[in-house]
Amino acid sequence: MPIQRVASKWKKTIILKHRESLRPYIPDTRKYSLEHLKEMLELYGTVYVKPDLGTYGIGVMSAEYWTDELDPSLIRQYKLRYGIESELFPTLEELHASISAKIGQKLNLIQQGIDMLTYRRRKFDLRALVQLTPRRTWETTGFIGRLAAPQKIITNHHGGGSIMTIEDLLGPYLTPKEFASLYKEMKNVGVHTAATLARKYRNLKEIGLDIAIDQGFKIWILEVNTLPALFPFKTLRNKDIYKKIRRYAVAYGRLKA
Ligand SMILES: Nc1ncnc2c1ncn2[C@@H]1O[C@H](COP(=O)(O)OP(=O)(O)O)[C@@H](O)[C@H]1O
Ligand SMILES: [Mg+2]
């Protein structure tokens, strides 16, 4: 049996939302529409729009309210960002028209924007790898930090982001005790997420969680990847981490011994 992969972000979100213990970690996520754009901008101020079947950060946009402090006559505008570009729209309808033209007929999701922590003014999020152990339990085996390129709204490596350790990224914000407690929480969330998805997808063996930490140090699951990259974990100073990742991946058949 091949290792189970699940491409649809929407399907995975629905399953995770049904698990009570995970619900607080899932940002409000809906199918993209003008109504949801209006409502969610009012609720959250910033929203992300992304393809249901996307990877590498391709097609990810953000939209937010924008006020020009130099020209108060422009009371409320909308700013759409994608890549390093941005555009301003005077009305919600024009913002929606531009988003619709970019996404075409494909299903896109709209998600509550998370105000991520930054490192030297660049946004960062974390990737947690969760794997099936040879004892058939779930274990969060590694973390890496992903730092967005300057001005970018996505942290993906393919979008110019760079890899750092979570200790270096979170060190400036947290005491060792606070770090340890957040670390434990993220490991637990990883295990619960994998176990929840595995109840439906029996041949799931590994997942990668994109975890954002907001300014209040609350953790959020931005998406769950079922074909997570393993190579970034090779760069960690602690070589035992990748050794274990590799050992588990060999056991369930992703890598050859
Ligand atoms: N709701 C959100 N709030 C803040 N940033 C987000 C949000 N959703 C996505 N991003 C940013 O965009 C990146 C790519 O989005 P993601 O949902 O992981 O799609 P992909 O499958 O293309 O990686 C994330 O790693 C994160 O940096
Ligand atoms: Mg991602």
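Residues numbered from 1 in each chain as written. Chains lettered and ligands numbered in written order. Predicted model: local features only at pLDDT ≥ 70, side-chain atom pairs only at ≥ 80, totals over all residues. Heavy atoms only, no water.

One can find glutamine 112 in strand 6 (residues 108–112). We classify glutamine 112 as buried; its relative accessible area is 12%. Within the structure, glutamine 112 has its side chain in polar contact with the backbone nitrogen of aspartate 28 (distance 2.9 Å). (Helix = DSSP H or I, 4+ residues; strand = E, 2+ residues; numbered from the N terminus. Buried < 20%, exposed > 50% of the residue type's maximum accessible area, 1.4 Å probe, protein only. Polar contact = N/O pair within 3.5 Å; in protein donor to acceptor, adjacent residues only side chain to side chain.)

Here we take up the pairing of strand 5 (residues 85–89). Summarising the sheet, strand 4 (residues 77–82) and strand 5 pair through five bridges and their orientation is antiparallel. Bridging from a neighbouring strand, tyrosine 82 pairs with glutamate 85 of strand 5. Counted between consecutive antiparallel strands, the loop separating strand 4 from strand 5 contains two residues, among which glycine 83 sits at a positive phi close to 55°. (Pairing = 2+ DSSP bridges.)

What follows is about the pairing of strand 12 (residues 219–225). Of all seven residues in strand 12, seven are buried; the element is thus mostly enclosed. Pairing between strand 11 (residues 206–213) and strand 12: six bridges, direction antiparallel. Paired with leucine 209 across the two strands is valine 224, which belongs to strand 12. Here strand 11 hands over to strand 12 after five residues, with phenylalanine 217 in that stretch at a positive phi of 65°.

Taken in spatial order, the six strands make up an open sheet running 1-6-2-3-4-5, and their pairing is antiparallel. The sheet is open, and its two edges are formed by strand 1 (29–31) and strand 5, each paired on a single side. Across this sheet, the average inter-strand angle for adjacent strands is 25°, counted without regard to direction. Along the sheet, helix 2 (residues 34–44) makes contact with strand 1, strand 2 (46–51), strand 3 (61–66), strand 4 and strand 6, crossing strand 6 at roughly 20°. (Axes fitted to C-alpha atoms, helices over the stretch in contact; angles between N-to-C directions. Contact = heavy atoms within 4.5 Å.)

Next up on the list: the coordination of the magnesium ion (ligand 2). Bound to the magnesium ion (ligand 2) are the protein donor atoms Asp210 (OD) and Glu223 (OE), situated 2.1 Å from the metal. Of the two residues, aspartate 210 is situated in strand 11 and glutamate 223 in strand 12; the sequence distance between them amounts to 13 residues. Given the relative accessible area of 5%, aspartate 210 is considered buried. On the basis of relative accessibility, which here comes to 14%, the residue glutamate 223 falls in the buried class. (Donors = N, O, S within 2.8 Å, 3.2 Å for Na, K, Ca; no water.)

Turning our attention to helix 3 (residues 92–103). Taking 1.5 Å as the rise per residue, helix 3 with twelve residues should run 16 Å; its terminal C-alpha atoms sit 16 Å apart, in good agreement. All of the buried residues in helix 3 are Leu92, Leu95, His96, Ser98, Ile99 and Ile103. Around the axis of helix 3, the buried residues are gathered within 165° of arc, so they sit on the same side. Where helix 3 is buried, its residues meet helix 2, strand 2, strand 3, strand 4, strand 5 and strand 6. Positioned one or two residues after helix 3, glycine 104 has a phi angle of 60°, which is positive. (Expected span 1.5 Å × (residues − 1). Arc of directions from axis to C-beta.)

Function cannot be read off these values alone, since they describe shape.
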